[in-house]
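Each chain, letter by letter, is given below.
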Amino acid sequence: MKRRVWTPQSQSKVSTVDRPSLNPTVAAEHHFFLAGVGGVIFGGLIMAASDIPAWERKARMFLGVFGLILSLYALHVELSREHDPEYRAMCDLGESVSCSKVFTSRWGRGFGLVQFFVPKDSPLNQPNSVLGLVFYTLQLGLGLSLSKKAALILVLSSWVSVAGSLYLAFILAFVLGDFCMVCISTYAVNFALLYTNVKRRSAIEGHKEKAG
């Protein structure tokens, strides 16, 4: 009587026989199906991304980060001036060229308008610099999305920021009679972001029309 000796080769043969094989036709169908689904899901995003020029992405990053820096500096100056009335910021170059004078004025919080609806020390009456931090963070965050809705929000928020910039520029020139370099730099950033966002929305709408 012969004994059956187990060997790795015999085990591999058994495993190969016992393992059900996939029909080549079915495998090919699965491959093309998955490829088609991937094309539908990712194809639109890739094409939309290619429609966005490289300068737009670089400009958005630069403007957003620069806006955050300006807002942080403005908040630092305001808080420092509140704790120390003798504090002198680097942007305070003279009597009529003083950013701390502007930041600590009535119009430095809630655009000078919120205090008509809530108490002056209300949490809703935040410094303009805090509103700037929220705005520039929104611009950087939504700028990562290529959706049509995100592009619309970016444009609308930019129009609001430009309207606020024009209003504050009027206050700066004709009410306070001051030249604030940080303020003017912020206005320039807001106008540049509006242009960038309009270009982004036009590119996405152009892609939608081509895809349609």
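Residues numbered from 1 in each chain as written. Predicted model: local features only at pLDDT ≥ 70, side-chain atom pairs only at ≥ 80, totals over all residues. Heavy atoms only, no water.

Bringing the side chain of serine 161 into the picture now. Relative to the assigned elements, serine 161 resides in helix H6 (residues 148–175). Here serine 161 falls in the buried class, since its relative accessible area comes to 12%. Here serine 158 takes part through its backbone oxygen, which lies 2.7 Å from a polar atom of the side chain of serine 161. Ignoring anything within four residues of it in the chain, the contact list for serine 161 reads Phe135 and Asn190. (Helix = DSSP H or I, 4+ residues; strand = E, 2+ residues; numbered from the N terminus. Buried < 20%, exposed > 50% of the residue type's maximum accessible area, 1.4 Å probe, protein only. Polar contact = N/O pair within 3.5 Å; in protein donor to acceptor, adjacent residues only side chain to side chain. Contact = heavy atoms within 4.5 Å.)

Taking 1.5 Å as the rise per residue, helix H5 (residues 128–142) with 15 residues should run 21 Å; its terminal C-alpha atoms sit 21 Å apart, in good agreement. When we look at burial in H5, the residues that qualify are Asn128, Ser129, Gly132, Leu133, Phe135, Tyr136, Gln139 and Leu140. (Expected span 1.5 Å × (residues − 1).)

On to the pattern of salt bridges, then. Across all of its chains, the model carries five salt bridges by this definition. Residues arginine 109 and glutamate 78 are paired through a salt bridge, measuring 3.4 Å at the closest nitrogen-oxygen approach. Taken together, the residues arginine 109 in the loop between helix H4 (99–103) and H5 and glutamate 78 in helix H3 (residues 54–83) connect sequence positions 31 residues apart. Connected through salt bridges with shared partners, the residues Glu56, Arg60 and Arg200 form a single ionic network. (Salt bridge = Lys/Arg side-chain N within 4 Å of Asp/Glu carboxyl O.)

Here we come to the nonpolar core. Phe103, Cys180 and Cys183 are the most contacted members of the largest nonpolar core, which totals 26 residues. Contributions of two or more residues to this core are made by H3, H4, H5, H6 and helix H7 (181–211). At six residues, H3 tops the list of elements feeding residues into this core. Beyond its immediate sequence surroundings of up to four residues, phenylalanine 103 is in contact with Ala74, Val77, Glu78, Gly108, Cys180, Val182 and Cys183. (Core = buried A, V, L, I, M, F, W, Y, C linked by side-chain atoms within 4.5 Å.)

Okay, the state of the cysteines next. Linking two cysteines covalently through their sulfur atoms gives a disulfide. For the coordinates displayed, the defined rule picks out two disulfides. Between cysteine 91 and cysteine 99 runs a disulfide, and the two sulfur atoms are separated by 1.5 Å. In this structure, cysteine 91 and cysteine 99 share a single accessibility class: buried. What links to what in the chain: the bonded cysteines, counted in sequence order, pair as 1-2, 3-4. (Disulfide = S-S within 2.5 Å.)

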